[in-house]
Amino acid sequence: MESFWARFALRLWVVLILLFLFLPLALIPLYAFNSSNIESWPLAGLTTKWFTTTWNDPDVQTGFALSLRAGLTATALALVLGSCAAFAIHRMTFFGRDVVSLLFVLPLALPGIVTGLALNSFFHFTGISLSIWTIVVGHTTFCIVIVYNNVLARLRRTQGSLIEAAMDLGANAFQTFRDVTLPLIGTAIVSGAMLAFALSFDEVIVTTFTAGAQNTLPMWIFGAIRLGQKLPEVNVVVSFVILVTIIPVVIAARLTGGSGIARTTTAR
Amino acid sequence: MAIHSREARHGASAKSALRPPALRLEGVRKSYGHVLAVAGVDLTVQEGEFFTLLGPSGSGKTTLLRLIAGFERPDAGTIELAGRDVTSTPPHLRQTNTVFQDYALFPHMTVADNIGYGLRIKGIPKAEREERVQTALSMVRLAGLDKRKPNQLSGGQRQRVALARAVVNEPEVLLLDEPLGALDLKLRQEMQLELKRIQQKVGITFVYVTHDQEEALTMSDRMAVMADGKIEQIGPPVEVYERPATEFVAGFIGISNVLERNGIRFVVRPEKLHMLEEGQEPRSGMTVESGIVEQVVYVGMSTRYIVRLDRGEQLVAVRQNMDAPGQALRYEGRRVRLAWVPGHTYVLDHQRARGESALSEHDTEER
Ligand SMILES: Nc1ncnc2c1ncn2[C@@H]1O[C@H](COP(=O)(O)OP(=O)(O)OP(=O)(O)O)[C@@H](O)[C@H]1O
Ligand SMILES: [Mg+2]
């Protein structure tokens, strides 16, 4: 058992780290309600007028629409490709399986700037003009990894004998998948999709290299800050982005960590 | 129990004249890389028989069961179920069901859905399905727990659900892989009786894997003792216990005392040894040897006396604890004489032992 002081120090340390991580994040939503357009402390007063201004800004509107469409499409693609890859890697044993598995995960480890640049020159080389579809391709590269990792981890934690039990009771491959595999890994797929969307929604670097004339929401923020314009609106948009990314992440965490299925399949 | 079982077996073999055996394996082999897990097994199990595979860890029991269920393909040999060659039939098309060692209950389904899954896949109408599930539930004495999820059950209850899920499909052969392994001693003994009761009631052929010799002896109609992927001996429990074919079988089942006299190796079971006190005379015709009690081991119902014979070997004798418990200990260090009826010994014959299959003879030489 640790002493009282050791425990106290440990708790203090955790609190400090949490402050370090979240204090800057907490400031932005506060500034979004600042009545002055100059960021200074203490706040000049509280207002919701920036929310109206932001809502009516056509640049924000198109940026939001593009982010949403690109994020949803990339997530859908990643869902199909990522889970299929996970099933394949899990079920088959072939020479070089580990290498292939590593190749699937590599896009996440690669710096975004490398992925972005590579894609950019590829599109340039093949004469594909930049559009929402090039953004989708860029985002899909790392979204696949998220889904793949989530699904593979769940598959590995699932008792192998459950699949055999289903076959033993007369289920063919399709019935086994429908009745046993899918229900057991369903939450992993959903949480993978949530994380993938959250990642796509605030991505800047790869997007910079793959976007055409239109801006995604994070790119609009980036541009506005660089030009030092519309700072109060930026605060509103950033608060919104925080919300849109945190909610799926929280849901994903609940699905993978707190789910009864995940617990019972691994408990014994 | 044993006598009762023997009768059951005779009933089964009378039937077998008309019908093919429930299960027949011929020259079945399976290796994983360099490990020969099943090294040429031949066996026949009759319909309605309670057949046990007994053997130490790693002797290939699970592998043999998985071959029968169809989860593995043999490298050589054939597997027949009710006279039909199923060697290359996938598991979902075989008339076998398995009770897995870890139960493998579907965690996302209720108890009733687990039990009814096989029937659902077979397309049995809902009404009949529910009725059969209820019957199976009450057979394993779990009526009323049908709405629970597996993680809301105790270990023994899970085990029963796994059994019901398999039995409800009325398979030709039911395969059980150490189904009682995870239970405590009391529950284990209860479930042993329960399993036997259910088997006799439904009349399904059981192939039962265990590494517990007592379980094998009490439950089986016939048993096979396995070692290193081979079958050492097949027979009814009484035969395997009283007349072990090899030193391995003798040693694995019960405590075995192996002696060599005049070039003949033989086994004397501890309970056949009479420990004579000073002045006590053996009955006529008994063989007598003397020695010193090296150790006295109290094991509850009985006491074991480990005796070092003057000729060098060590023998174990067993006596029921009919005296006060303290009495036994005073034997430690004493000189005693051990006497036995020569007819109660069993000669170990190497030829006979390895003669079970031609393949196994070959393997022994290879090593
Ligand atoms: N999938 C596998 N890959 C490689 N070797 C295996 C595999 N399955 C079993 N073996 C080996 O085959 C041999 C027999 O294993 P098996 O599981 O049949 O033993 P067992 O008699 O069931 O043992 P236990 O009583 O411990 O369950 C062992 O040496 C084991 O290591
Ligand atoms: Mg085993």
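Residues numbered from 1 in each chain as written. Chains lettered and ligands numbered in written order. Predicted model: local features only at pLDDT ≥ 70, side-chain atom pairs only at ≥ 80, totals over all residues. Heavy atoms only, no water.

Notes on the confidence of the model for chain A
Residues and elements named next belong to chain A. Which entries qualify depends on this criterion: Every residue gets a pLDDT, meaning the predictor's confidence in that residue, from 0 to 100. Only DSSP runs of H or I reaching four residues or more are called helices, and only runs of E reaching two or more are called strands; each is numbered from the N terminus. Contact criterion: two residues are considered in contact whenever any of their non-hydrogen atoms come within 4.5 Å of each other.
Model confidence for chain A is summarised by a mean pLDDT of 84, while 95% of its residues fall at 70 or above. Mean pLDDT across the secondary structure elements of chain A bottoms out at helix α12 (residues 260-267), with 34, and peaks at helix α7 (residues 160-168), with 91. Scored below 50 in pLDDT, residues 258-268 makes 20 contacts in the model with residues more than four places away or belonging to other chains.

As for the interface of chain A and chain B
Note on interface size: it is often stated as the accessible area lost on association of the parts. The condition that has to hold: As used here, buried area is the combined drop in accessible area, with a 1.4 Å probe, of two parts when they are placed together. For this analysis, a salt bridge means a side-chain nitrogen from Lys or Arg found within 4 Å of a carboxyl oxygen belonging to Asp or Glu. Here a polar contact is recorded for every N or O atom pair within 3.5 Å, except that within protein the pair must consist of a potential hydrogen donor and a potential acceptor, and residues adjacent in sequence are included only if both atoms are side-chain atoms.
The interface of chain A with chain B comprises 22 residues on the first partner and 24 residues on the second. Between chain A and chain B lies a buried interface of about 2000 Å² when both sides are counted; carbon and sulfur atoms form 59% of it. The largest contributions to the chain A side of the interface with chain B come from Glu164, Asp168 and Leu169 of chain A, which together make up 34% of the buried area. Linking chain A with chain B are 2 salt bridges. Measuring nitrogen to oxygen at the nearest pair gives 2.7 Å for the salt bridge that ties Arg66 of chain B to Glu164 of chain A. The interface formed by chain A and chain B contains 8 residue pairs in polar contact (both at pLDDT 80 or more). When contributions to the side of chain A that touches chain B are tallied by element, the ones reaching two or more residues are α7, α8 (173-201) and α12 of chain A.

Details of the pattern of salt bridges
All names here are of chain B. Put simply, the test is: Residue exposure (1.4 Å probe, protein chains only): buried if accessible area is under 20% of the type maximum, exposed if over 50%, otherwise partly exposed.
With the rule as written, the count across this model stands at 25 salt bridges over all chains. Glu194 serves as the salt-bridge partner of Arg160, at 3.3 Å between the closest nitrogen and oxygen. Residue Arg160 is found in helix α5 (residues 155-167), and its partner Glu194 is found in helix α6 (residues 185-202); the two are separated by 34 residues along the sequence. By the burial criterion, Arg160 is buried, and Glu194 matches it. A salt bridge links Glu260 to Arg265, with the nearest nitrogen and oxygen atoms 3.3 Å apart.

Remarks on the packing of aromatic side chains
The description of an aromatic ring pair rests on the distance of the ring centres and on the angle between the ring planes. All names here are of chain A. The cut-off we apply is this: Between the rings of Phe, Tyr and Trp (Trp by its six-membered ring), a pair exists once the centres lie within 6.5 Å; its type follows the angle of the planes, with under 30 degrees stacked, over 60 edge-to-face, and the other angles tilted.
Applying the stated criterion across every chain, the model contains 16 aromatic pairs over all chains. Here Phe64 and Phe201 contribute two aromatic rings whose centre-to-centre distance is 6.4 Å and whose plane-to-plane angle is 80°, an arrangement assigned as edge-to-face. With Phe64 in helix α3 (residues 58-91) and Phe201 in helix α8, this pair connects stretches of sequence that are 137 residues apart. The class of Phe64 is partly exposed, set by a relative accessible area of 28%. A residue is classified by how much of its surface remains accessible, and Phe201, at 1% relative accessible area, is buried. Between Phe87 and Phe177, the aromatic rings sit 5.2 Å apart at their centres with planes inclined by 75°, giving edge-to-face as the arrangement.

Focus on the packing of α3 of chain A against α8 of chain A
All names here are of chain A. Stated precisely, the cut-off is as follows: With axes taken as lines fitted to C-alpha atoms, and helix axes fitted only over the stretch in contact, angles between N-to-C directions fall between 0 and 180 degrees. Left-handed describes a crossing whose near helix is turned anticlockwise from the far helix through less than a right angle; right-handed describes the clockwise counterpart. Gly counts as polar in this scheme, as do all residues outside two lists: the nonpolar Ala, Val, Leu, Ile, Met, Phe, Trp, Tyr, Cys and Pro, and the charged Asp, Glu, Lys and Arg.
Look at α3 against α8: their axes get within 9 Å of each other, and the N-to-C directions meet at 145°. Once α3 is placed against α8, the crossing between them reads as right-handed. Two secondary-structure elements touch here, α3 through Phe64, Ser67, Leu68, Ala70, Gly71, Leu72, Thr75, Leu79, Ser83 and Phe87 and α8 through Phe177, Thr181, Ile185, Ile189, Ala193, Ala196, Phe197, Ser200 and Phe201. Residues of the contact of α3 with α8, tallied by class, amount to 13 nonpolar, 6 polar and no charged.

Some details on the domain arrangement of chain B
This is how it is decided: The split of the chain into domains comes from an automatic or database domain assignment.
Split into domains, chain B comes out as domain 1 (6-242) and domain 2 (259-361). Domain 1 of chain B and domain 2 of chain B are separated by 37 Å when their C-alpha centres are compared.

Examining the site of ligand 1
Residues and elements named next belong to chain B. Our working rule: Here a residue is near a molecule or strand as soon as one of its heavy atoms is found within 4 Å of it. Using a 1.4 Å probe, accessible areas were evaluated by the Shrake-Rupley method; residue-level cover was limited to the displayed protein chains.
Not every one of the 13 residues close to ligand 1 is listed here, only the nearest: Ser57, Gly58, Lys61, Thr62 and Thr63. At a separation of 2.4 Å, an oxygen atom of ligand 1 approaches a polar side-chain atom of Ser57. Gly60 places a polar main-chain atom, nitrogen or oxygen, 3.0 Å from an oxygen atom of ligand 1. Considering ligand 1 on its own, with 630 Å² of exposed area, one finds that the protein chains cover 61% of that surface. Among the elements of the structure, β2 (35-45) and α2 (61-69) are those that each provide at least two residues to the shell around ligand 1. For the shell around ligand 1, the element with the highest residue contribution is α2, accounting for 3 residues. Tallied by class, residues from the shell around ligand 1 come to 4 nonpolar, 7 polar and 2 charged.

A short note on helix α6 (residues 132-157) of chain A
All names here are of chain A. Quick reminder of the rule: For a helix, the expected span equals 1.5 Å multiplied by the residue count minus one. A residue's bend is the angle separating two fitted axes: one through the seven residues that end there, the other through the seven that start there.
Across its 26 residues, α6 extends 37 Å between first and last C-alpha, which sits within 8% of the 38 Å expected from 1.5 Å per residue. For α6, the principal kink sits at Thr140 and spans about 35°. A large share of α6 lies buried, amounting to 19 of its 26 residues. Regarding α6, its N-cap is Ser131, as a side-chain oxygen of that residue lies 3.1 Å from the backbone nitrogen of Trp133 further along.

Some thoughts on the pairing of strand β4 (residues 76-81) of chain B
Residues and elements named next belong to chain B. Threshold: Note: two strands are recorded as paired if DSSP finds a minimum of 2 bridges between them.
Here strand β1 (residues 23-32) runs beside β4; their pairing, made up of 5 bridges, is antiparallel. Bridge pairing in β4 links Leu25 to Ile79. Sheet analysis places β4 next to strand β5 (residues 84-85), joined by 2 bridges and oriented antiparallel. Opposite Leu81, over in β5, you have Arg84 as the bridge partner. Hairpin connection, β4 to β5: the antiparallel pair is bridged by 2 residues, and Ala82 has positive phi, about 50°.

A few points about the environment of Thr54 of chain A
Residues and elements named next belong to chain A. For Thr54, the location among the structural elements is in helix α2 (residues 49-56). Looking at Thr54, the relative accessible area reads 5%, which means it is buried. Through-space distance from the C-alpha of Thr54 to that of Leu119 is 32 Å; in sequence the pair is 65 residues apart. Those residues in contact with Thr54 that lie beyond four places of it in its chain are Val60, Glu233, Val236 and Val237.

Let's talk about the pairing of strand β11 (residues 257-261) of chain B
Residue and element names in this part refer to chain B. The alternating pattern of β11 places Asn257, Leu259 and Arg261 on a buried face, while none of Val258 and Glu260, on the opposite face, is buried. The pairing of β11 with strand β12 (residues 264-268) spans 5 bridges and is antiparallel. Bridged to Glu260 within β12 is Arg265.

Remarks on unusual backbone geometry
All names here are of chain B. Phi at Ala82 is positive, roughly 50°, even though this residue is not glycine. Structurally, the position occupied by Ala82 is in the loop between β4 and β5. Positioned with a positive phi, Arg141 is a non-glycine residue whose angle comes to about 60°. The residue Arg141 is located in the loop between α4 (126-139) and α5 in this model.

Here we look at the side chain of Ser302 of chain B
All names here are of chain B. Residue position: Ser302 is located in strand β15 (residues 302-309). Using a relative accessible area of 13% as the deciding quantity, one classes Ser302 as buried. If near-sequence neighbours (up to four positions away) are discounted, Ser302 is found in contact with Val297, Val318, Arg319, Gln320 and Asn321.

A short note on the nonpolar core
Residue and element names in this part refer to chain B. As a reminder, the rule being used: Take the buried residues of types Ala, Val, Leu, Ile, Met, Phe, Trp, Tyr and Cys, join any two whose side-chain atoms come within 4.5 Å, and each joined set is a nonpolar core.
Within the largest apolar cluster, 39 residues are counted, with the highest numbers of intra-cluster contacts made by Leu23, Leu25, Leu43, Leu53, Leu64 and Phe106. The element contributing the most residues to this core is α2, with 5 residues. Setting aside residues no more than four positions away along its own chain, Leu23 makes contact with Leu43, Thr44, Val45, Ile68, Ile79, Glu80, Leu81, Val173 and Val207. Within the second largest apolar cluster, 34 residues are counted, among which are Tyr103, Ala136, Ala164 and Phe206.

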